[in-house]
Amino acid sequence: MLFACGIGIGLFFFSVSEPLRHYTISEVLPNNRFVNDAFMPDNSLAQIAMNITFYHWGLHAWVVYCVVGIILAFTSFRWDLPLTMKSCFYPLIGERIFGWLGDSIDILSIITTIFGVCTSLGIGAIQVNAGLHFLAPSVPVSTPVQMVIIWSITFCATLSVVSGLRRGIRRISQASFMIGVFLMLVVLFLDQPQYILNLFIQTLGFYVQNIIQLSFHTDAFEQLSPSYGSQERGRVDPTSDGESEWMNEWTVFYWSWWIAWSPF
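All values derive from a computational prediction rather than experimental measurement. (Residues numbered from 1 in each chain as written. Predicted model: local features only at pLDDT ≥ 70, side-chain atom pairs only at ≥ 80, totals over all residues. Heavy atoms only, no water.)

Caption draft 1: Inspection of the packing of helix 2 (residues 42-57) against helix 11 (residues 246-261) at higher detail. Contact geometry of helix 2 with helix 11 gives a least axis separation of 10 Å together with a crossing angle of 30 degrees. Taken together, the axes of helix 2 and helix 11 are roughly parallel relative to one another. The segment helix 2 lies against helix 11, with Ile52, Tyr55, His56 and Trp57 engaging Trp246, Trp250, Thr251, Tyr254, Trp255, Trp257 and Trp258. Here the contact of helix 2 with helix 11 is built from residues that sort into nine nonpolar, two polar and no charged. (Axes fitted to C-alpha atoms, helices over the stretch in contact; angles between N-to-C directions. Helix = DSSP H or I, 4+ residues; strand = E, 2+ residues; numbered from the N terminus. Parallel < 35°, antiparallel > 145°, perpendicular 65-115°, else oblique. Contact = heavy atoms within 4.5 Å. Nonpolar A, V, L, I, M, F, W, Y, C, P; charged D, E, K, R; others polar.)

Caption draft 2: How the structure looks around the pattern of salt bridges. On inspection of all chains with the given rule, the structure shows one salt bridge. Close ionic contact of Lys86 with Asp103 constitutes a salt bridge, the shortest N to O distance being 3.9 Å. With Lys86 in the loop between helix 3 (59-79) and helix 4 (90-93) and Asp103 in helix 5 (residues 100-135), this residue pair connects regions lying 17 residues apart in the sequence. A relative accessible area of 38% means that Asp103 is categorised as partly exposed. (Salt bridge = Lys/Arg side-chain N within 4 Å of Asp/Glu carboxyl O. Buried < 20%, exposed > 50% of the residue type's maximum accessible area, 1.4 Å probe, protein only.)

Caption draft 3: A look at the layout of surface pockets. In this structure, the second largest pocket occupies an estimated 240 Å³ of space. The element best represented in the lining of the second largest pocket is helix 5, accounting for five residues. Residues of the lining of the second largest pocket, tallied by class, amount to seven nonpolar, three polar and one charged. (1 Å grid on protein atoms, 1.4 Å probe; cavity = no way out; pocket = protein on both sides within 12 Å on 5 of 7 lines; lining within 4 Å. Points joined across faces, edges and corners; volume = space filled by probe spheres on them.)

Caption draft 4: Spotlight on the packing of aromatic side chains. Applying the stated criterion to the full structure yields 16 aromatic pairs. Taken together, a centroid distance of 6.1 Å and an interplanar angle of 50 degrees make the contact between Phe54 and Phe200 tilted. With Phe54 in helix 2 and Phe200 in helix 8 (residues 193-216), the pair connects residues that are 146 residues apart, well separated along the chain. Given a relative accessible area of 44%, Phe200 falls into the partly exposed group. Here the aromatic rings of Tyr65 and Trp258 are separated by 6.2 Å at their centres, their planes lie at 70 degrees, and the arrangement is edge-to-face. Taken together, the residues span a long stretch of sequence, with Tyr65 in helix 3 and Trp258 in helix 11 at a distance of 193 residues. (Phe/Tyr/Trp six-rings, centres within 6.5 Å; stacked < 30°, edge-to-face > 60°.)

Caption draft 5: Representation of unusual backbone geometry in the model. Even without glycine at this site, Asp80 takes up a positive phi of about 55 degrees. Here Asp80 lies in the loop between helix 3 and helix 4. Take Asp80: its relative accessible area is 70%, and that puts it in the exposed class. A positive phi angle, close to 55 degrees, is found at Asp219, a residue other than glycine.

Caption draft 6: Quick peek at the side chain of Gln47. The topology assignment puts Gln47 in helix 2. The class for Gln47 is buried, based on a relative accessible area of 9%. Each residue touching Gln47, except ones within four places of it in the same chain, is listed here: Gln202, Thr203 and Phe206.

Caption draft 7: Examining the nonpolar core more closely. In terms of nonpolar packing, the biggest core is built from 18 residues, with Phe14, Trp57, Tyr254, Trp257 and Trp258 touching the most fellow members. Mapped onto this core, the elements with two or more residues apiece are helix 2, helix 3 and helix 11. Take this core: its biggest share by element is seven residues, from helix 11. If we skip the residues at most four places from it in the chain, Tyr254 touches Phe14, Glu18, His56 and Trp57. The next biggest cluster of nonpolar side chains, apart from the first, holds eight residues, and it includes Val68, Leu72, Ile93 and Ile97. (Core = buried A, V, L, I, M, F, W, Y, C linked by side-chain atoms within 4.5 Å.)

As structure tokens, then:
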């Protein structure tokens, strides 16, 4: 259920688009500090693009889920508290979780989950719309079409919820997961398996090697402006540095998305 409902859309949407986005220069969207470097070798840029994607979808993403899950498990099995978000705050506010304060925490967690669902649903609708347009050019990429897709997905999700956890949600989640695994295997074996496996192992090692530096990098200098002060010193082309909006539109967006999904 976590893969199907939580990150399934994100995996299929960003698994291809994100490395390409970090690998190419955009005239509209903000670019990172690597792709703007005209002297960066192309192979190195491709490796960095894969590494950023691993960073956004790797340990840092799953830690958000693990922290909430461990706290809920501890409070439930040790103190016999309900499996709701207010139980996580029992060590801080004690018995007050059973009053209006605890109810407010649960309400806020539901609202944040709704925001997470809306983000995933919106991305999924855009992806489905683009796929339909690719298969049938007569289907336009437009907001009305995406609204129809959202209503259709919502209708199917409602049917699965009404049919119960064991029948509807469980089976549709298992089916989605199996289709996803099948698609992954098709891409693996119909392309170049040796190259893909080598790339995965190489990128995994590169990710482990640079995870500490990535974890503490905040684009501090980029937030001032690209190549802040360089024009006065006549040193660097301002376009060779990253843009201040990049961190907010990628890393911060992801962390907010994970936090919004964590109550689920």
